[in-house]
Structure formats: structure tokens, C-alpha cells
Amino acid sequence: MQRFLDPAVLARISDLDLVARTVVDGFVAGLHRSPDFGFSQEFAEYRAYTPGDDLRHVDWNVFARTERAYLKRYRGETNSLLTVLLDASNSMNYTSHSVSKMDYARFIAASLFYLAIQNQRDAAGLIVFDDEVRNYIRPSTRQGQLARLMSGLELAEPHARTDFRKPLDHFQEFLRRRGLVLMLSDFFEPPERIVRTIEPLRFHGNEVVLFHVLDPREIRPELGEPAILVDLETRERLEVTPEYAQNEYRQKMATHIDELRDRARGAGMDYFLLSTERPLDEALTEYLSIRQRRN
Amino acid sequence: MGFLAPWFLVGAAAVAVPLYLHLLRRHTTTPQPFSSLMFFEQRTQSSIRHRRLRYLLLLALRLALLLLLVLAFADPFINRPVASASSGKLLLLVIDNSFSMRAGSRLADAKRDATSVLASRPPSERAQVMALGSQLQVLTQPTQDSVGLSSAVNSVQPSDTRGSFGELARALHSMAESANEPIELHLFSDMQKSNMPANFQDMVLPPNVSLVLHPVATKAMPNWAVESVNAPGQVWDPKKARVEAVIAGYNTPAAMRTVSLVVNGKVAATRMVSVPASGRATVEFDSLNVPYGFSRCEVRIDSADSLPGDDSSLFAVERSDPGRVLFLHESADSRSPLYFEAALSSAAESAFTMESVPVAQASNVMLSKYAFVVLSDVSSLPSVLENNLASYVRNGGSVLVAAGTATGRLPRVPVFGANILQARYYSNQEDHFLNVGDADPAHPSVQKADRWSGVKFYYAVRVDDSGSRVVARLTDQTPILLDKSIGEGRVLLLASGLDNVTNDFPLHPNFVPFVEQTAFYLSGTERRSGSRLVDSFLQLRTSKEQAVSVEVIDPGGRRPLSLKEATTAQSYQLTSSGFYQLRLANGRQDVVGVNADRRESDLDVIPPDVLALWSGNTSKESVASSADQPATEKNKPFGLWWYVMLLVLLAAVAESWVASRYLGTRREEL
């Protein structure tokens, strides 16, 4: 099963739903006896039934013994709203192998949607943005939500350049209810500006996780000879030497990653670096296990 | 400077390829998309400048390599003055010392002329001396040493060889191939007409040889000579040996000449002969009374001409007892011995005497004293005799078996050992006889017998021919003559009789040479000639007689072969006239009389117009070239392609080195 989770293999599967199922089922199978994964699977407490509550959640065993209706509450119910912010700027189109950053981000998002909706029955939504909000699918648990989300991911094609500030204003409108906000982006902005822009989401009680999606060649570029590089977003051209790419660029990129991680965590956000050559299940497992420890 | 193949310069257009690859293509590098240039800075590194320099050096080397290659193919040359080469002209003196130069004072005149030419040459000019006979003999290397050159001229001695201007031209062609310097050839010769090759083209000299002729004879001189002597090499009966000599006169008036036959220094017979003007006369001596062993003979004339060397002709004769032949036959058969003996005595110069013995009385005969045995159509063979014959053959004896009608009734041919398959009578054929269809002309028995054409065979015995060599077959493929080696001896089978009943062979003219050749073949006697020509070769050993010492004693009593040559030399070239004494590898002693080639006796000279043509052909060119000397001397082309190719090699090595370093840098970066 593991070989199916290779991003390069998954990239050949055109059906995003199938990709998500393959990833999730694959790594769930790999977790063995770990039923308490996910956002809100862990039991928290019993609460007395009040009119309007969903009768499906009544613990009928307790009712039989005590003749009182109690609802079984789980810890996840406090953040059962999942919103994925997907960066669809042109830089996400970059790839040095068979999987672009955009594809990889789609796979991650699809897998998380599948996990949330199919396994947890949580509400999930999607916001696709570049310098504007391109698509918004409201979080919901309604029938067909997963299909809508998958369709939204399919339609998310990179267009313009990234600008977090403008779409974040809209996010404030959309994210009224607190929940889990996952942002998938390559974050080619100064870390300070990124964190400052995203930080307000955290004030609403949202749990914010930054998925930093990068191609391996973006982290360790390899140039055989001097080359002219073209910025995918700005179309700017620059002649770059192999020596620079070998030394100074790598150092700058490492500093950028470290600073972003530090600032994000300093602002109460989680940060995960995802290299597109990394198997998807491995990335998800790491993320979920870290979350589990935190909870 | 110029180019011998200027069209190759078009190839210089190929420099466009590296120019395109290095310069144009480099600037059209496809930009690579990258997600963000946020962390990049525009910067030109010093290492890039270094590499660009190396890149330009590589480009320059590649351009140079291509241009040099094109240059090499265009074959450049420069005009170099050849004045120094002209001063390096070789003065080649060739003195004819062939047999005809013995006439009068020809050789002395030639040497005197050569000495005067040597004296008149500039001291710095190199000269070389050679002698011309049948081959060109080098007497000195090219040198300026006047003393050595004069000594070489004076050392030239008359020889008995035949001069050849064709050989002179051939040798000079090979000299001209190895040395490009001009050669001034001075030929001192009697310009004998007979020295010319059959084709004038064969004596044309190479272009860089200018010929200067120094004829020492301008007209033909009268000369008498013993042109040829026909004498046997071996004599068995002196009374039956005959000597025939041809006396020739060249440019001579009609005259009477006294011809003497000299045996071992004593005049044995004298004849007077009338030789017509510039003609030939034949003299015959009826007997050659020589003692047993080798005798040194000559036919001599009194001529009193200027060339006494050809007034006698030498030959050697060996006298020995005739070989004995045993003829075994049935008592009733009287024809076979009659025919065979008649043929043997008439043809073989009394080399053999035949004893005819009926087979029934031959049991006690000592076979070893006979040269060979003839077994003629016996119906039965006493076992003692058959054993004796088999032993005789195994020990090296030879037998001729004739299988007629009597032998045809036996199951196998006696002595020969082959089974008789069938006795065939051809009387029922349409023509009542068969002829010989195939014959091996290499076999001595049929060599001179005209392949037995016309011989009619009425009867033949068909035998199993396995293990034997079929010499002749009838037209129905029946083997008629077979040869077989048994032990050290040899058996020849005639599958028919020796009488005139089973065939008409004994009555046929081919029978005599057949008997003669077969007798010599079976007895192992070689027909030798007692005289040879100068420059001919004597075979000293056969391929089976290796590592056996031979001995040659020349007419001067010297042994010309070294010890090593005496054990390895296959042949020996006879270089002078006189008697050579030999001991061959097979142990046989021999004496050979050697005479000069009689074509040298004709002292007629080459006509002046032919001489002018010969020297003019080359001299015109040389005169022409010397007339153009001031102009062409400075303009001799000197090819440079070799040096250009050397530069190509250097450029290729440098290009490989620089390219490997450049690519090496790139690999490190990766």
C-alpha cells in the first residue's frame, strides 16, 4: 500500500476523491490499533439532554439504566469545523518533478477533507485564494459536501500572485465560528508579514495550522551553469549563478523557514514544512500525531 | 606560399559550427521558470569570468583545430630555392666491364675517360663509381674523395658477363626513388647493340638523371667466335659420341678457319671450315675419344681477332661404362626383347647394354648389378625370382613390368602387386583398338613421346590402380601406364605387352623416346650438359638435401663459397668463363665448362641516332631544366602538410585538455 502514497504515483490518479481515499485508508491501515485519531474522536463527558439536541447522540444504555437522557460528548466537538485555505497563486505551479506544489496541496487538502467528513463527520469548508478569494465553499456536514469540496479543489488552478492581506479580510467574514483553519501555501512572503496577516484568525479562537508546501528544488536548488530564472508570479528575470544557488540561496531559504516556523509558533499557530517529494501518508501521520499529543 | 588542393579551403566554413555552438547558442539559453526570485540576487561571480575565459580558449582551440585541418587538406607549400640542391648533384660514373669490353683496348679507354671526367669535376662535387655487367656493381659510395674514386675506376676488371642497358635503367630508377637529388650519369661503354633490351622503353632513364655518353667504340669490329658446341655431357661409347660446333663471323669477310677439338689440353682433331662473310659454319667431330672420368674439352678456332675470349668454347665430358639392363621374358616371346633392345641401343647413346634372359633361367641371376629390370609379359614367375625382384626393388632397384596376354591371366601383376581386374580385348570395338586418352606430360616416360598419340592398343589389362600414380589412360579410362614406389625402388607397369601383338607401340616412332626416357628414369641416370653460360645458376642441392656441405672450385682454383654458404646455398651463379669443379650435396662430382654469352661476341654498336635518342630523351629534359635553372631553381615547392598535421595534433591535444578541465568544473558544481 505504501507505494501508492508516493506523490508521484498519486499524481497519475485523476480522481481526487480516489486519491484522498487511497491516502487516508492507506495510512489509517498503517496506524494499526489507533482508533482515537482525528479531530474529535476522544470521549470527553456526558451532558444532560436538552430539547433540540440530536437524538442520535443520546446514550441509550445510560438512559436504560438511569432513565435519564444524556448526550455523549467528545473533545473534538469544540473545534469540529475544518476550513482549508488553499493558496492558488502561480508560484504553486512550480515543480521539479512529476508533482507540483499545487497538486501536492490538493492531495493534502483532499485527504484531510475525507478524513474529516467520512471518518469524523465534521463540517469542512474550502477557501481558494491568490490575491483575491477565488472560491469559497462553506463548511457543512450536508450530504454531498465532500463532493463539492473535491470539485472545488479540482477547479483550483493557480492564477495570479499571492497576497494574504486582501483575502484575509474576507476570511474574517467567513470564519465566524471557531474551528480548525489549515493554510496550504508556499509562503513566499516575509515571515513577519505572513504571521501578522494570519494572526487575526487566531483571535477568534480558531486553531491555525500553516502547511508550508515547498518543492525540494526550492529548498536545495541545483544549477549546472549560470541560468536565467523567471519568477512565475512576477515574470521577473534574473541571471543566477550556480555558486549563489549552492550557497547563499540555501542559507536564505533555511533562514526563511526557521523564521516562519518560529514566528508562527510564537503566534500560537502550528507549522508544518511539506516537501513535495515526501509521501503523503507520512506527512499526515506526523501532523496528526503531533496534534494528538497536543490535545 | 600556395596550395596544391585549394578547393579544400572551402572547408573553412566549418568554423561556423563551433561559433554557433559557443556564442550564438549560448546566448539563447532557455530561461528556467522558478516559483519565486525572492531569495535570489543578480551577481556576476569571478568564477564565471574565469570560466568564460576558459570557454573562449576552448572556442579558439576548436577554431584553430578546424582551420589547421582544412589547411592540411589544402596541402600548402612554399617555394624554396633549390640552389643548394643543385650543388648536391651526384656525378655517377658507370664503366661497362662486360665481356665485349675485352676487345682491344676498350676497357682501358673507358677507364682513362672516366679518370679524366673525375679530374675535371669540382672538388666539392660528390661522385660515385659503378661497373656495369649483367648487374650494376657499386664500387664506391657517393663521396668527394678523389683518391678513392680514382682507385675504384682503376680497379675495374673485365668480366665475362653480358652487359645490359636495361639493368642500368632499372637500377637508376630505384636509385632515383630513394634519392631526389639530380644525377649526372657518365656511361663509359662500347655501346654494344646486343646490350640493348628488346624494348627501348626499358632503357629510358628517370627524369632526374642526365645521361652523358662516352662511347669507346664507334663502329662494328670484325670478330669470329665459336658460337655454340653441341656435345654430350656423358659418354659411354667414344665412337658413338659426336661433337658439333657452330663457327660464327660477325662483320667478317669470308674466310677459312681451322677448328680444333682439344681434350684435356691436347688437340684431338682438327677441321678446316669455310665461314661465309658475316655468316655461320658448322663443324662436326665424329668421335670423342676421352678417357674414363671427367675430361675438359674445348672447341677452338684460330681467329686472330680483337676478342680472343670467344675463340674457344669449353665443355666437360664424363666417360663411364654403360648401364646393364636385364630383360626377363617367356621363352616363346622373342619379339619383345628384340624391339626393346633395338630401341634402347638406337636412342640411349649406348648408355645401356641389354641382357635378355628367359624367366625360367633367371632364378640365380644377381639382380644388383643391373641398372633396372624389364619383366615382359611372364605367365608365371618362380618364387625365388619373385622374392629376389621384390627385395631388389625394396633396396632401390627399378623394374618395368609389361602385362600382356600371359600376365593377364594371373590374379595379380607380379612385383607391381596390383590385382588384375579384367583383361580387355578391344578387337570387338568398332575400330578394333583404343588410343591413349590422357597422359601426364610431367612424367619422364611420356614427356618426349608425344603423349603416345597414334599408338593403337588391341589389348590391355585393367588393374587396381590404388596406391599408384596413373601416368596414362586409354580412352575408356583403363590405366595403361602406372608408376608405383615400393620401398626405395620404383616399379613401372605397362598394362599391355612390349610385342606388336597386343599393340603397335614397338612399331611406332614414339616407342624409342619412351624406352630411352624410361631407361634413364628407372636407372636414375641424369642427362647432363657439360657446358653452361656465364651468369647462369647451378643447382647445388635439392630441398631434401639440406645441411650437407657442397664444394665449388672456380676456374681460378679458388673456393668462392664460405663455410656457411657451402652448407646452406641452394644454387651458385657462374660469374666467369672456365671450368668449374663441383661436389654436389648428393655426393656426385661434376665438372662444368662455362662460356661467356655469345651475344657479347657481336661487336656491332648502337646506331648514333638511337644513342642520341637515349641521351637526348634525358639530356633534353636536363638541358631544358638547366636552361630554366635561374627561374625554377628558386621555385621548388616544399610541402608543409606534415607540419600542419603536427599542429593539428597539438591543437587536438590542447582542446581535449581544456575541454576536460571545463567539463570537470561543471561536474564539481553538480
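Trainee: Summarise the overall build of chain A; cite the residues concerned and give the values.
Mentor: Secondary structure summary: chain A contains 10 helices and 10 strands in total. For chain A, the residues scored as buried account for 40% of the 295 residues in total. Long-range pairs, those at least 24 residues apart, make up 76% of the contacts in chain A between residues at least 6 apart in sequence.

Trainee: Tell me about the packing of helix α7 (residues 191-203) of chain A against helix α9 (residues 242-266) of chain A, and please be specific about residues and values.
Mentor: Residue and element names in this part refer to chain A. Two numbers describe how α7 lies on α9: the axes approach to 9 Å, and their chain directions differ by 25°. Taken together, the axis directions place α7 and α9 in an arrangement best described as roughly parallel. The two elements α7 and α9 meet at a crossing, and its hand is right-handed. Across from Pro191, Glu192, Ile194 and Val195 in α7, the residues of α9 making contact are His256, Glu259, Leu260, Arg263 and Ala264. Split by residue class, the contact of α7 with α9 holds 5 nonpolar, 1 polar and 3 charged.

Trainee: Can you explain the pairing of strand β25 (residues 479-486) of chain B? Please cite residues and give values.
Mentor: For a regular strand, side chains alternate in direction, first toward one face of the sheet and then toward the other. Residue and element names in this part refer to chain B. As defined by bridge partners, strand β24 (residues 469-474) adjoins β25 across 4 bridges and the pair is classed as antiparallel. In the strand pairing of β25, Arg473 is matched with Pro479. Connecting β24 to the antiparallel partner β25 that follows it, the hairpin turn spans 4 residues, and Gln477 within it adopts a positive phi of roughly 70°. When β25 meets strand β26 (residues 489-494), the two strands line up antiparallel, connected through 6 bridges. By the bridge assignment, Ser485 is partnered in β26 with Arg490. Connecting β25 to the next strand, β26, in antiparallel fashion are 2 residues, including Gly487 with a positive phi near 60°.

Trainee: For the sheet that holds strand β15 (residues 293-301) of chain B, give the residues involved together with the corresponding values.
Mentor: Residues and elements named next belong to chain B. As summarised here, the arrangement of the 5 strands in space is β10-β16-β15-β12-β13, forming an open sheet in which the pairing is mixed. Every interior strand has two partners, whereas the edge strands, β10 (234-235) and β13 (266-275), have only one. Bridging between strand β12 (residues 255-263) and β13 involves 9 bridges; their strand directions are antiparallel. Within the sheet, the bridge partner assigned to Val262 lies in β13 and is Val267.

Trainee: Can you tell me about the nonpolar core, naming the residues and giving the values?
Mentor: Among the nonpolar cores identified, the biggest contains 148 residues, and Val94, Ile95, Ile247, Val325, Val399, Val401 and Leu493 of chain B are the most heavily contacted of them. The greatest single-element share of this core, amounting to 6 residues, is contributed by helix α10 (residues 511-523) of chain B. When residues no more than four places from it in sequence are discounted, the contact partners of Ile247 of chain B are Trp224, Val226, Glu227, Arg257, Val259, Val273, Val275, Arg280, Ala281, Val283 and Ile301 of chain B. Membership of the second largest hydrophobic core comes to 59 residues, among which are Ala88, Phe129, Ile137 and Leu149 of chain A.

Trainee: Mind laying out the sheet that holds strand β31 (residues 578-583) of chain B, listing which residues take part and the relevant values?
Mentor: Residue and element names in this part refer to chain B. With respect to topology, 4 strands assemble into an open sheet ordered β27-β32-β31-β29, the strand pairing being mixed. The open sheet terminates on both sides in strands that have one partner only, identified here as β27 (531-533) and β29 (551-553). Pairwise comparison of adjacent strand axes, ignoring direction, gives a mean angle of 30° for this sheet. As paired strands, β27 and strand β32 (residues 589-595) are joined by 3 bridges and run parallel to one another.

Trainee: So what's going on with α9 of chain A? Which residues, and what values?
Mentor: Since the α-helix turns once every 3.6 residues, residues separated by three or four places project in the same direction. All names here are of chain A. Taking 1.5 Å per residue as the helical rise, α9 with its 25 residues ought to reach 36 Å, and the 35 Å between its terminal C-alpha atoms agrees with that figure. At Tyr249, α9 shows its maximal bend, which comes to roughly 35°. Within α9, the full set of buried residues consists of Pro242, Tyr244, Ala245, Tyr249, Leu260, Arg263 and Ala264. Just downstream of α9, Gly268 is the residue with a positive phi angle, here 85°.

Trainee: An account of the interface of chain A and chain B is needed here, citing residue identities and associated values.
Mentor: The partner chain B presents 20 residues to the 28 residues of chain A that form the contact. Secondary-structure elements contributing two or more residues to the side of chain A that touches chain B are β8 (227-231), β9 (237-240) and α9 of chain A. Looking at the side of chain A that touches chain B element by element, the count peaks at 7 residues for α9 of chain A. Of the residues assigned to the side of chain A that touches chain B, the class counts are 14 nonpolar, 4 polar and 10 charged. Summarising the sheet, β8 of chain A and strand β2 (residues 32-34) of chain B pair through 3 bridges and their orientation is parallel. Looking across to β2 of chain B, one finds that Val230 of chain A is bridged to Pro33 of chain B.

Trainee: Account for the pairing of strand β3 (residues 81-87) of chain A, with residues named and values stated.
Mentor: Residues and elements named next belong to chain A. Counting buried positions along β3 yields 7 of 7 residues, so the element is predominantly enclosed. Examined bridge by bridge, β3 and strand β4 (residues 123-129) share 7 bridges and lie parallel to one another. Paired with Thr83 across the bridge in β4 is Gly125. In the classification by handedness, the crossover that spans β3, the intervening helix α4 (residues 101-120) and the parallel β4 is right-handed. Judged from the 5 bridges that link them, β3 and strand β6 (residues 180-185) form a sheet pairing that is parallel. From the neighbouring strand, Val84 faces β6, where its bridge partner is Leu182.

Trainee: Any chance you could break down unusual backbone geometry for me, citing the residues and the numbers?
Mentor: Across the chain, the bulk of peptide bonds are trans and the bulk of non-glycine residues have phi less than zero. All names here are of chain B. In this structure, Asp75 is a non-glycine residue whose phi angle is positive, near 55°. Here Asp75 lies in the loop between α2 (46-73) and β3 (76-80). One non-glycine residue, Asp535, lies in the positive phi region at around 80°. Look at Asp535 and you get buried, because 20 C-beta atoms sit within 10 Å.

Trainee: Tell me what's going on with the environment of Trp614 of chain B, and back it up with residues and numbers.
Mentor: All names here are of chain B. Among the structural elements, Trp614 can be located in helix α12 (residues 608-627). Spatially, the C-alpha atoms of Trp614 and Val212 are 9.9 Å apart, while their sequence positions differ by 402 residues. When sequence neighbours within four positions are dropped, the list of residues in contact with Trp614 reads Met203 and Leu211.

Trainee: Lay out the confidence of the model for chain B with the relevant residues and their values.
Mentor: All names here are of chain B. When the pLDDT values of chain B are averaged, the result is 84; 90% of them are 70 or greater. Ranking the elements of chain B by mean pLDDT puts helix α13 (residues 629-632) last with 40 and strand β20 (residues 398-402) first with 94. With pLDDT under 50 throughout, residues 618-634 is counted as low confidence; its partners more than four residues away or in other chains account for 15 contacts. For this predicted complex, the interface score ipTM comes out at 0.76, while the overall pTM is 0.51.

Each value, and the rule that gives it
- Residues numbered from 1 in each chain as written.
- Chains lettered and ligands numbered in written order.
- Predicted model: local features only at pLDDT ≥ 70, side-chain atom pairs only at ≥ 80, totals over all residues.
- Helix = DSSP H or I, 4+ residues; strand = E, 2+ residues; numbered from the N terminus.
- Buried ≥ 20, exposed ≤ 12 C-beta atoms within 10 Å, placed from the backbone.
- Contact = placed C-beta atoms within 7 Å.
- Axes fitted to C-alpha atoms, helices over the stretch in contact; angles between N-to-C directions.
- Parallel < 35°, antiparallel > 145°, perpendicular 65-115°, else oblique.
- Left-handed = near helix turned anticlockwise from the far one by under 90°.
- Nonpolar A, V, L, I, M, F, W, Y, C, P; charged D, E, K, R; others polar.
- Pairing = 2+ DSSP bridges.
- Core = buried A, V, L, I, M, F, W, Y, C linked by C-beta atoms within 7 Å.
- Expected span 1.5 Å × (residues − 1).
- Bend = angle between axes of the 7 residues up to and from the residue.
- Right-handed = clockwise from strand over helix to strand, strands pointing away.
- pLDDT = per-residue confidence, 0-100.

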